[in-house]
Amino acid sequence: MLVAIHPKLPMRDKEVTKNFYLNLGFKNFGGDYEDYLMMQKDAIEIHFFEFKEIIPAENDGQVYIRTINIETVYNDFIASGVKIHPNGSLALKPWKQMEFSILDPDCNLLTFGESQI
């Protein structure tokens, strides 16, 4: 039986990544490892592995995060100075999801979505 998924994304600099996600309201958990980072917020976890050679513009890392009260999440991020992806403003998509997107420091795409069905 499958019970959860915890995506693993590349990071170049652990402290930069950790600070970015702390600003999103995540907490660091699970210990302190030299080349690995685990962040948690509410019921989700995102893990990161060190990849110093990654070229952010060529990174295809992506995560889709389901939310409730997406307008609140969106507004809280904006109030915290989080930059919304230029093509990812809050909008209702044809597939009946209200969505917005951001990029982390290594250009991992985080899309937040709430069903409108």
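Rules behind the numbers
Residues numbered from 1 in each chain as written. Predicted model: local features only at pLDDT ≥ 70, side-chain atom pairs only at ≥ 80, totals over all residues. Heavy atoms only, no water. Helix = DSSP H or I, 4+ residues; strand = E, 2+ residues; numbered from the N terminus. Buried < 20%, exposed > 50% of the residue type's maximum accessible area, 1.4 Å probe, protein only. Contact = heavy atoms within 4.5 Å. Salt bridge = Lys/Arg side-chain N within 4 Å of Asp/Glu carboxyl O. Pairing = 2+ DSSP bridges. Arc of directions from axis to C-beta. Polar contact = N/O pair within 3.5 Å; in protein donor to acceptor, adjacent residues only side chain to side chain.

As named in an unreviewed UniProt entry, the chain is VOC family protein, taken from Flavobacterium ichthyis.

A. Focus on the side chain of threonine 111. You can see threonine 111 is positioned in strand β8 (residues 109–115). For threonine 111, a relative accessible area of 11% puts it in the buried group. Contact partners of threonine 111, with chain neighbours within four places excluded, come to Val63, Tyr64, Ile65, Glu99, Phe100 and Ser101.

B. Quick look at unusual backbone geometry. Positive phi outside glycine occurs at lysine 96, with the angle close to 65°. You can see lysine 96 is positioned in the loop between β6 (91–92) and β7 (97–103). Positioned with a positive phi, cysteine 107 is a non-glycine residue whose angle comes to about 65°. Following the sequence through the fold, cysteine 107 ends up in the loop between β7 and β8.

C. Region of the structure containing the pattern of salt bridges. By the definition in use, this model includes four salt bridges. Among the ionic pairs, arginine 12 bridges to aspartate 106, the shortest N-O distance being 2.5 Å. A residue pair is termed long-range when its members are at least 10 positions apart, and arginine 12 in the loop between β1 (8–11) and α1 (14–23) and aspartate 106 in the loop between β7 and β8 qualify at 94 residues. The class for arginine 12 is partly exposed, based on a relative accessible area of 31%. A salt bridge links glutamate 15 to lysine 18, with the shortest nitrogen-to-oxygen separation between them at 3.5 Å.

D. Inspection of the pairing of β7 at higher detail. With six of seven residues buried, β7 lies mostly within the body of the structure. Examined bridge by bridge, β6 and β7 share two bridges and lie antiparallel to one another. Each bridged residue has a counterpart across the sheet, and for alanine 91 the counterpart in β7 is glutamate 99. Remark: four residues form the turn of the hairpin made by β6 and β7, two consecutive strands paired antiparallel; lysine 96 in that turn has positive phi of roughly 65°. Two strands pair when backbone bridges link them, and β7 and β8 are joined in this way by seven bridges, in the antiparallel orientation. Bridge assignment links isoleucine 102 to a residue of β8, and that residue is leucine 110. Counting the residues in the hairpin turn of β7 and β8 gives five residues, including cysteine 107, whose phi is positive at 65°.

E. Focus on the sheet that holds β1. One open sheet holds the four strands; their spatial order is β1-β4-β3-β2, and the pairing between them is mixed. Either end of the sheet is taken by a strand with one partner, and the two such strands are β1 and β2 (27–28).

F. Looking closely at α1. Every buried residue belonging to α1 is among Lys14, Thr17, Lys18, Phe20 and Tyr21, and all of these are buried. Each buried residue of α1 sits inside an arc of 160° when the element is viewed along its axis, so together they form one side. Looking at the packing, one finds that the buried side of α1 touches β1, β2, β3 (36–41), β4 (44–50), β7 and β8. Sitting at the amino-terminal end of α1 is aspartate 13, which places a side-chain oxygen 3.0 Å from the backbone nitrogen of glutamate 15. After α1 finishes, the residue glycine 25 shows a positive phi value of roughly 100°.

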